[in-house]
Amino acid sequence: MFGLPDGVKACLFDMDGVVTQTAIVHAAAWKEMFDEFLSAHARSTGTQFVPFDAHAEYDACVDGKPRLDGTRSFLESRGIELPEGTPDDPPGTPTVYGLSNRKNDLVLAKLAAGGVQVYEGTVTYIRSVRGKGISTAIVSSSANTKQILDSAGLADLFDVRVDGLIAKERGLRGKPAPDTFLAAAEELHLTAAQAAVFEDALAGVEAGRAGHFARVIGVDRVGQAEELSQHGADVVVKDLAELLDKDAR
Ligand SMILES: [Mg+2]
């Protein structure tokens, strides 16, 4: 049913890029922040400015990860060492926290300006599975999950929320570690073998595979079906509506 193996009692959804169209907003904010930093870094070190690649570097280094991990991962890939700094560093300070704070400010400003768009195919899918008694959870690295779901009017579509703030409180490792998905299943009193994971990020499908979930559904919004499969997706769809259509036939 709904492209799910028998025995699946819960669907665990990533938010940005699966439920809401906010992955685009995040990618733009990462690029703006890193390009500001890289440009200043190139000037101060007398090296060439190589802009952030919003596709390859976004997918490989930051997409789906907690914010600080994304910043660290990208800097490491470029061989740039910065101090960690502190959570209070002003946005744009050349520290891991400072750059991450700048990125968050940009995301919030972009969301305030443009609102939160949702993927209707996903919303229809969620309502359909819930109609059959399947539980649902939102599992996002974002610290802004609650505000985004509230502003999109989607909060009541999920029985459980495990987001960036909850992960920090409970000391859960971020994606690609499976901890946040496993915590959501546990909160629903289910095992990984009874739950399916829906993810658009490479780090996210990796988390699904690492957690040995019943099925990992990769959602390909940007033409990376092959990479999603390689990183752990059992099936790849462009939109969750495809899984409803499949059942109707
Ligand atoms: Mg995502």
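Residues numbered from 1 in each chain as written. Predicted model: local features only at pLDDT ≥ 70, side-chain atom pairs only at ≥ 80, totals over all residues. Heavy atoms only, no water.

Enquirer: For this particular structure, what's the right way to read the coordination of the magnesium ion?
Expert: Note on metal geometry: ideal angles are 109.5 degrees for four donors arranged tetrahedrally and 90 or 180 degrees for six donors arranged octahedrally. Distances from the magnesium ion to its protein donors, namely D14 (OD), D16 (O) and D200 (OD), fall within the range 2.1 to 2.2 Å. Ordering the donors of the magnesium ion by residue number gives the pattern D-x1-D-x183-D. For the residue pair D14 and D16, the accessibility class agrees, reading buried in each case. (Donors = N, O, S within 2.8 Å, 3.2 Å for Na, K, Ca; no water. Buried < 20%, exposed > 50% of the residue type's maximum accessible area, 1.4 Å probe, protein only.)

Enquirer: What is the right way to look at helix α6 (residues 145–152) in this model?
Expert: Working note: α-helix, 3.6 residues per turn, so residues spaced by three or four point in the same direction. Considered for burial, the residues of α6 that qualify are T145, I148 and L149. Projected down its long axis, α6 shows its buried positions confined to an angular sector of 95 degrees, all on one face. (Helix = DSSP H or I, 4+ residues; strand = E, 2+ residues; numbered from the N terminus. Arc of directions from axis to C-beta.)

Enquirer: Is there a simple way to think about the sheet that holds strand β3 (residues 160–162) in this case?
Expert: One key point about sheets: their strands pair by backbone hydrogen bonds, in either a parallel or an antiparallel sense. Strand order across the open sheet formed by 6 strands is β3-β2-β1-β4-β5-β6, with parallel pairing between neighbours. Looking along the sheet, the strands with just one partner apiece sit at the ends: β3 and β6 (235–237). On average, each strand axis in the sheet is inclined to that of its neighbour by 20 degrees, with strand direction left out of account. With 4 bridges joining them, strand β4 (residues 195–199) and strand β5 (residues 215–219) adopt parallel strand pairing. (Pairing = 2+ DSSP bridges. Axes fitted to C-alpha atoms, helices over the stretch in contact; angles between N-to-C directions.)

Enquirer: Would you explain the pairing of β4 in this entry?
Expert: Looking along a regular strand, one sees the side chains alternate between the two faces of the sheet. Of all 5 residues in β4, 5 are buried, a share of seventy percent or more. A two-sided burial pattern is seen for β4, the buried positions comprising A195, V197 and E199 on one face and A196 and F198 on the other. Pairing analysis gives 4 bridges linking strand β1 (residues 10–13) to β4, with the strands arranged parallel. Residue pairing across strands places A10 opposite A195, the latter belonging to β4.

Enquirer: Is there a simple way to explain the environment of F74 in this structure?
Expert: Of note, F74 is situated in helix α3 (residues 67–77). Each C-alpha atom of the pair F74 and F34 lies 9.1 Å from the other, and the pair is 40 residues apart in sequence.

Enquirer: I keep staring at the packing of aromatic side chains and nothing clicks. Help me out?
Expert: What characterises a pair of aromatic rings is the spacing of the ring centres plus the angle enclosed by the ring planes. Scanning the model with the defined rule gives 10 aromatic pairs in all. For the ring pair F34 and F74, a centre distance of 4.2 Å and an interplane angle of 45 degrees mean the geometry is tilted. Here the residue F34 occupies a position in helix α1 (residues 22–45), and F74 occupies one in helix α3, the gap between them amounting to 40 residues. Overall, F34 belongs to the buried group, its relative accessible area being 0%. A centroid spacing of 5.4 Å and a plane angle of 55 degrees characterise the contact between Y125 and F198, whose relative ring orientation is tilted. Pair noted here: Y125 is in helix α5 (residues 120–131) and F198 is in strand β4, with a separation of 73 residues, a long-range link. (Phe/Tyr/Trp six-rings, centres within 6.5 Å; stacked < 30°, edge-to-face > 60°.)

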